[in-house]
Amino acid sequence: MNAPVAKPSRGGRAGEARWDLNLAEPLELVQSWGRALRSQGRVVFVTQRETLVRAFEEASRQGRSIAMRGSGCSYSDTFQNEGGVVVDTSGMNRILAFDPNTGLLKAEPGLTIAQIWRTTLPFGWWPPVVTGTMFASMGGLAAVNAHGKNNFKRGTFGEHIVEFTMLLPTGEEVTCSPRENTELYYSAIGGLGLLGAFTSITLQLKRVHSGLLEVEPVVLPDFETTFRAFDERRSSMDYLVGWVDCFGTGSSIGRGIIHAARYLHEGEDPHPEASLQPVNQELPSYILGVIPKGWTWMALRPFVNNQGMRLINMAKYLASRIHADGYTYRQPLAAFSFLLDYVPNWKFAYGPGGLIQYQSFIPEKDARRVFESLIEMSQSAGLPPYLGVLKRHRPDPFLLTHAVDGYSLALDYKVTESNRAALWKLAERMDPVVFGVGGRFYFSKDATCRPGAHRDVWPAANVDRFLAMKRRCDPKGLLQTKLFQRVFGADARTLATV
Ligand SMILES: Cc1cc2nc3c(=O)[nH]c(=O)nc-3n(C[C@H](O)[C@H](O)[C@H](O)COP(=O)(O)OP(=O)(O)OC[C@H]3O[C@@H](n4cnc5c(N)ncnc54)[C@H](O)[C@@H]3O)c2cc1C
């Protein structure tokens, strides 16, 4: 009989010496980051490679399936496994090597973006691609091949992975890079944790000469001017992100603010030794100087409804217009990159039903028309998105890529018991608009795609190559996720033999 499991706190190492594995733990609630997608799973925390190996062996022996989880920041059900085991690698987070001369960092998969930059920034190295939250882990970022506000320039997280090691469900551990085991390299990055578990990742960091960015906010009245402003800044700027007021109608549809930013060149920052210190990057503990940031979501909660969010979006848009054209300011890298982390637990402001995000990726020539349609369809259904974020992308070489040569618009929707069915129906009506122009979805975010959607998202040849790779790496179908079952439908069922 298995000894009772000693669970460390998340990310901690308490009790590691006495660690034992119990895959028959009671079921517990496993929720998407936005809390709208829920399942029951047996969560096992691993803090070292050996425990991970044992988890794979034990699960195989017991006929159980496993979903991998990093920090649990995905809005989708990609780390959920109804009734099965969820192996959480957030505590497997050691830095294995870091060379301050070359900026090469090798780490276990649970290391987060926050842990990376707090270690490497004083040496002048910043993660080349970061997400809107600093709490995502390297394993999770690799498995979804995450993008940042610089996707148009620097590509995805995976493009900076020079090597990784992966434990396959067969028990084999393989090293992959663009030169070694290349097919697995291009399949497992973006492979949604379905081929194996990352055990180490080597990342090439980006050299920076200052901890500050030069930021230009640009307020724009509609999508047409917004897309033009993105285009005009693509070659000169390192980061571009647009906030869209999704309550704008008619000629105001797509109005919002772009934040364009560039790294400072050597010599531009008079005090780089200060700005590169993590203490000068940390987000403030108080909002507006007085409200402890831990309380902010409570203050926001009464406004998270159609009327309140219309008001907040309008106020944000109008307030931004006070600056003259060409106004710029300097901002710490962390403050610019992780705006969403400013308000801890802001998702709780959405209430018990949580939120989902509908992020579609649309080729450039159709982006404006499609995004206008999606916003109009949402408004007419009485389900306006409360937040809209626009980014510019470029294609990448990974098998299950979500990127296109175009734009993505991420739309956040509040979920309640009473609007849930209508929201899913709305998504069902919006999907053909996206697929109709060769658009894609990103499965770390998707909550609503119907079974078979994977064959609309990717060319048949890519899907078939991925499934063939899954059969080779995971012949017994040990790695399963709720998302895989939901989206890959019949294709997933043929691969679920555990
Ligand atoms: C506020 C916020 C902002 C965000 N902004 C962005 C953004 O700008 N760009 C973007 O691309 N994404 C963004 N995301 C999404 C998020 O960054 C990704 O979902 C990322 O994968 C989360 O990493 P994680 O460690 O939480 O992984 P999880 O969510 O825990 O898991 C993601 C996937 O990785 C797999 N996985 C995890 N660990 C391993 C492992 N060791 N081996 C193999 N597979 C593994 C899981 O099975 C799952 O399929 C955002 C999320 C939030 C909450």
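Everything below is about the structure printed above this text.
Keep in mind it's a predicted model, so treat the numbers as computed, not measured.

Caption draft 1: Representation of the packing of aromatic side chains. Taken as a whole and judged by the stated rule, the model has 29 aromatic pairs. Here the aromatic rings of tryptophan 297 and phenylalanine 348 are separated by 5.4 Å at their centres, their planes lie at 70°, and the arrangement is edge-to-face. Of this pair, tryptophan 297 sits in helix 8 (residues 296–300) while phenylalanine 348 sits in the loop between helix 10 (333–337) and strand 18 (355–363); the two residues are 51 residues apart in sequence, bridging distant segments of the chain. Classification of tryptophan 297 by relative accessible area gives buried; the value is 18%. Taking the relative accessible area as the measure of exposure, phenylalanine 348 reaches 24% and is therefore partly exposed. Joined through ring pairs, the aromatic side chains of Trp33, Tyr75, Phe247, Trp346, Tyr350 and Tyr386 make up one cluster. Above the ring of tyrosine 263, the side-chain terminus of lysine 206 is found at 4.7 Å from the ring centroid. Over the aromatic face of tyrosine 75 sits the side chain of lysine 445, whose NZ or CZ is 5.7 Å from the ring centroid.

Caption draft 2: Just the sheet that holds strand 2 (residues 38–45), in detail. Judged by pairing direction, the sheet is mixed, and its four strands sit side by side in the order 1-2-4-3 without closing on themselves. Pairing within the sheet leaves two strands with one partner each, and these edge strands are strand 1 (28–31) and strand 3 (66–69). Neighbour-to-neighbour, the strand axes of this sheet turn through a mean angle of 50°, independent of strand direction. Sheet topology places strand 2 next to strand 4 (residues 85–88); four bridges connect them, and they run parallel. From the neighbouring strand, valine 44 faces strand 4, where its bridge partner is valine 87. Set on the sheet, helix 1 (residues 49–62) makes contact with strand 3 and strand 4; between it and strand 3 the angle comes to about 160°.

Caption draft 3: Layout of the nonpolar core. Counting residues in each nonpolar core, the largest one holds 114 residues, and the members touching the most others are Trp126, Phe164 and Phe371. When neighbours within four sequence positions are excluded, phenylalanine 164 is seen to be in contact with Val174, Thr175, Cys176, Leu184, Tyr185, Ala188, Ile189, Phe198, Ser200 and Ile201. Ala55, Ala59, Ile66 and Val85 belong to the second largest nonpolar core, which has 18 residues in total.

Caption draft 4: Quick look at the packing of helix 6 (residues 223–233) against helix 11 (residues 364–380). Where helix 6 contacts helix 11, the axes come no closer than 11 Å and their chain directions differ by 145°. In this structure, helix 6 crosses over helix 11, and the sense of that crossing is right-handed. Residue-level contacts link Phe223, Glu224, Phe227 and Asp231 of helix 6 to Glu364, Ala367, Arg368, Phe371, Glu372 and Ile375 of helix 11.

Caption draft 5: Representation of the packing of helix 14 (residues 460–473) against helix 15 (residues 482–493) within the structure. With their axes 12 Å apart at the nearest point, helix 14 and helix 15 run at an angle of 95° to one another. One element, helix 14, and the other, helix 15, form an angle in the roughly perpendicular class. Of helix 15, the residues touching helix 14 (which contributes Val463, Phe466, Leu467 and Lys470) are Phe484, Phe488 and Asp491.

Caption draft 6: View of the sheet that holds strand 18. An order of 17-12-14-13-19-20-18-21 is seen for the eight strands of this open sheet, with the pairing classed as antiparallel. One side of each edge strand has no neighbouring strand; the edge strands of this open sheet are strand 17 (329–332) and strand 21 (440–441). Two strands pair when backbone bridges link them, and strand 19 (residues 387–392) and strand 20 (residues 406–414) are joined in this way by six bridges, in the antiparallel orientation. Among the inter-strand pairings, arginine 392 is bridged to a residue of strand 20, identified as tyrosine 407. Sitting on the sheet, helix 6 touches strand 12 (212–220), strand 13 (239–244), strand 14 (256–263), strand 19 and strand 20, and the angle it makes with strand 19 is about 35°.

Caption draft 7: Quick peek at the pattern of salt bridges. The full count for this structure, using the stated rule, is 28 salt bridges. The partner of arginine 118 in a salt bridge is glutamate 282, with the nearest N and O atoms 2.8 Å apart. Pair noted here: arginine 118 is in helix 2 (residues 113–120) and glutamate 282 is in the loop between helix 7 (272–275) and strand 15 (286–287), with a separation of 164 residues, a long-range link. The class for arginine 118 is partly exposed, based on a relative accessible area of 35%.

Caption draft 8: Representation of the site of the ligand within the structure. With respect to spatial proximity, 35 residues lie near the ligand, and among them Met68, Cys73, Ser74, Ser137 and Tyr442 are the closest. Note that an oxygen atom of the ligand is positioned 3.0 Å from one of the backbone N or O atoms of glycine 140. Separating an oxygen atom of the ligand from a side-chain N or O atom of lysine 391 is a distance of 3.1 Å. Among the elements that line the shell around the ligand, the one with the most residues is helix 3 (residues 138–144), at five residues.

Caption draft 9: Seen up close, the pairing of strand 10 (residues 197–204). Where burial is concerned, most of strand 10 is hidden: seven out of the eight residues are buried. Relative to strand 10, strand 6 (residues 104–107) runs antiparallel, the two sharing four bridges. Within strand 10, the residue paired with leucine 104 across the bridge is glutamine 204. Where strand 8 (residues 161–167) lies against strand 10, six bridges are found, and the strand directions are antiparallel. Its bridge partner lying in strand 10, methionine 166 is registered against phenylalanine 198.

Rules behind the numbers
- Residues numbered from 1 in each chain as written.
- Predicted model: local features only at pLDDT ≥ 70, side-chain atom pairs only at ≥ 80, totals over all residues.
- Heavy atoms only, no water.
- Phe/Tyr/Trp six-rings, centres within 6.5 Å; stacked < 30°, edge-to-face > 60°.
- Helix = DSSP H or I, 4+ residues; strand = E, 2+ residues; numbered from the N terminus.
- Buried < 20%, exposed > 50% of the residue type's maximum accessible area, 1.4 Å probe, protein only.
- Lys NZ or Arg CZ within 6 Å of the ring centre and 35° of its normal.
- Pairing = 2+ DSSP bridges.
- Axes fitted to C-alpha atoms, helices over the stretch in contact; angles between N-to-C directions.
- Contact = heavy atoms within 4.5 Å.
- Core = buried A, V, L, I, M, F, W, Y, C linked by side-chain atoms within 4.5 Å.
- Left-handed = near helix turned anticlockwise from the far one by under 90°.
- Parallel < 35°, antiparallel > 145°, perpendicular 65-115°, else oblique.
- Salt bridge = Lys/Arg side-chain N within 4 Å of Asp/Glu carboxyl O.
- Near = heavy atom within 4 Å.
- Polar contact = N/O pair within 3.5 Å; in protein donor to acceptor, adjacent residues only side chain to side chain.

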